[in-house]
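Structure at a glance
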Amino acid sequence: MIVIDCKHLVFCRGAKTVLNDVSFELSEGRLLALIGHNGAGKSTLIKLILGLLKPKAGELMVLGGAPGASPLDIGYLPENVSFYDAMTVEEHLNYFAGLKGVSKGRINELVDELGLGVVLRQRLGQCSKGQRQRLGLAQALLTRPRLLVLDEPTVGLDPAASSLMYKELSALRDAGCAVVVCTHELALVEPYLDQVLLLAAGECRGEGTLELLRSQAQLPALISHIHNPEVFKDPFLSKWVRGHRLAVPETEVSNTVKCLTSQYGVYDFQLRKADLGMIFQHFVLNVPVNEL
């Protein structure tokens, strides 16, 4: 099922066009990374998906209807979620559950799933950033949403807490929830994403899987940690030398690896396809392939 169906979306704020001709689809059981520079239009797109803003033109369907028509089917974790420092974690969960008509049993499930039991009776003012984020995720999941939208969910978290957050999001995705993550932390989200939406100056610069974007940009695979200097003089390999590594077209990776191993006995090297950072630089920052 298509959860978000966005076609030629346009949004203006006064005379300024904030989003222009943005199109993408997101199906259930997939995680989309929403990527772009500050001011690219990411937060505006999120507000449109939530039904907090209305577009000037284009079509936007969320869960088969108008944005905001099914609020209990959408979970949202904003970048700066507001809590009350004097209230405990348990009091917050009871408060949000009351607003959403959710049973005590569902609260207990989330407390167990997100490891909130140890801080359940602790005031928010005494909680760490990671614990507050887990509470934020818990309130977003109270109604078992079919769509989960998160704005910078790991900002300020340590590496362990960030990894835990993405593992939880991955599990939700695998259970059928559609997930939208807006983030600047490209290396963190890359292992978990299914597709990417790249925004710049309100326009869609790239959309699809990493493989599709690599193919469209013709981004090379990088082979590094090569300790035999003779490799860089080889007639076949020399055209791909970039500093102390090789930038090899995807179609030539197999032949390159064969040359390294059979002709030079080089086995201890690192092969890495173009990552999300390189894709971002190419599509959003317009960095040429040969400079990545």
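All of the points below concern the structure found in this document. These numbers come from a predicted model, not from an experiment.

Looking at the overall build of the protein chain
Summing up its helical and strand segments, the protein chain has nine helices and 13 strands in all. Burial statistics for the protein chain: of 292 residues in total, 47% are counted as buried. Contacts in the protein chain between residues at least 24 apart in sequence constitute 68% of all its contacts with a sequence separation of at least 6. On the protein chain, roughly 13,900 Å² of surface is accessible, and the fraction owed to carbon and sulfur atoms is 51%. For the protein chain, the distance from the average site of its 29 positive side-chain charges to the average site of its 31 negative ones is 3 Å.

Brief notes about the sheet that holds strand β4 (residues 57–62)
Spatial ordering of the open sheet is given by β2-β1-β4, a layout of three strands whose pairing is antiparallel. The open sheet terminates on both sides in strands that have one partner only, identified here as β2 (16–27) and β4. Averaged over all pairs of adjacent strands, the angle between strand axes in this sheet comes to 20 degrees, irrespective of strand direction. Bridging between strand β1 (residues 2–13) and β4 involves five bridges; their strand directions are antiparallel. Opposite Cys 6, over in β4, you have Leu 60 as the bridge partner.

Examining the packing of aromatic side chains
One pass over the full model with this rule turns up four aromatic pairs. Geometrically, the ring pair formed by Phe 236 and Trp 240 is edge-to-face, given 5.1 Å between the ring centres and 85 degrees between the ring planes. Aromatic ring contacts, followed pair by pair, group Phe 83, Tyr 95 and Phe 96 into a single cluster. For the cation-ring pair, Lys 239 lies above Trp 240, with the distance from its terminal atom to the ring centre recorded as 4.4 Å.

Re helix α5 (residues 159–174)
Compared with the 22 Å implied by 1.5 Å per residue over 16 residues, the 22 Å span of α5 between its first and last C-alpha is a close match. Taken as a whole, α5 has its buried residues at Ser 162, Met 165, Tyr 166, Glu 168, Leu 169, Ser 170 and Arg 173. Structurally, α5 contributes buried residues whose contacts are with β3 (31–36), α3 (104–113), α4 (129–141), β6 (147–151), β7 (178–182) and α6 (186–189). At the N-terminal end of α5, a side-chain oxygen is found 3.1 Å from the backbone nitrogen of Ala 160, two or three residues along, and the residue is Asp 158. Positioned one or two residues after α5, Gly 176 has a phi angle of 110 degrees, which is positive.

Some points on the nonpolar core
Formed by 55 residues in total, the largest nonpolar core has its most connected members in Leu 148, Leu 169 and Leu 198. If we skip the residues at most four places from it in the chain, Leu 148 touches Gly 75, Tyr 76, Leu 137, Ala 140, Leu 141, Leu 169, Leu 172, Cys 177, Ala 178, Val 179 and Val 180.

Some points on the packing of helix α2 (residues 89–100) against α3
Contact geometry for α2 and α3: axes closest at 10 Å, N-to-C directions at 135 degrees. One way to sum up the angle between α2 and α3 is to call them oblique. Of the two possible hands of crossing, α2 and α3 adopt the one that is right-handed. The residues of α3 that touch α2, namely those facing Glu 90, Leu 93, Asn 94 and Ala 97, are Lys 104, Ile 107 and Val 111. Class assignment for the residues of the contact of α2 with α3 results in four nonpolar, one polar and two charged.

As for the pattern of salt bridges
Counted according to the given criterion, the structure contains 13 salt bridges. Between Arg 146 and Asp 73 there is a salt bridge; the shortest N-O distance is 3.8 Å. Of this pair, Arg 146 sits in the loop between α4 and β6 while Asp 73 sits in the loop between β4 and β5 (74–77), and the two are 73 residues apart along the sequence. Exposure remark for Arg 146: the relative accessible area of 35% places this residue in the partly exposed category. A salt bridge links Glu 230 to Lys 233, with the shortest nitrogen-to-oxygen separation between them at 3.6 Å.

Cut-offs used in this document
- Residues numbered from 1 in each chain as written.
- Predicted model: local features only at pLDDT ≥ 70, side-chain atom pairs only at ≥ 80, totals over all residues.
- Heavy atoms only, no water.
- Helix = DSSP H or I, 4+ residues; strand = E, 2+ residues; numbered from the N terminus.
- Buried < 20%, exposed > 50% of the residue type's maximum accessible area, 1.4 Å probe, protein only.
- Contact = heavy atoms within 4.5 Å.
- Areas by Shrake-Rupley, 256 points an atom, 1.4 Å probe, with all protein chains shown as cover.
- Lys, Arg positive; Asp, Glu negative; His and termini not counted.
- Charge placed at Lys NZ, Arg CZ, Asp CG, Glu CD.
- Pairing = 2+ DSSP bridges.
- Axes fitted to C-alpha atoms, helices over the stretch in contact; angles between N-to-C directions.
- Phe/Tyr/Trp six-rings, centres within 6.5 Å; stacked < 30°, edge-to-face > 60°.
- Lys NZ or Arg CZ within 6 Å of the ring centre and 35° of its normal.
- Expected span 1.5 Å × (residues − 1).
- Polar contact = N/O pair within 3.5 Å; in protein donor to acceptor, adjacent residues only side chain to side chain.
- Core = buried A, V, L, I, M, F, W, Y, C linked by side-chain atoms within 4.5 Å.
- Parallel < 35°, antiparallel > 145°, perpendicular 65-115°, else oblique.
- Left-handed = near helix turned anticlockwise from the far one by under 90°.
- Nonpolar A, V, L, I, M, F, W, Y, C, P; charged D, E, K, R; others polar.
- Salt bridge = Lys/Arg side-chain N within 4 Å of Asp/Glu carboxyl O.

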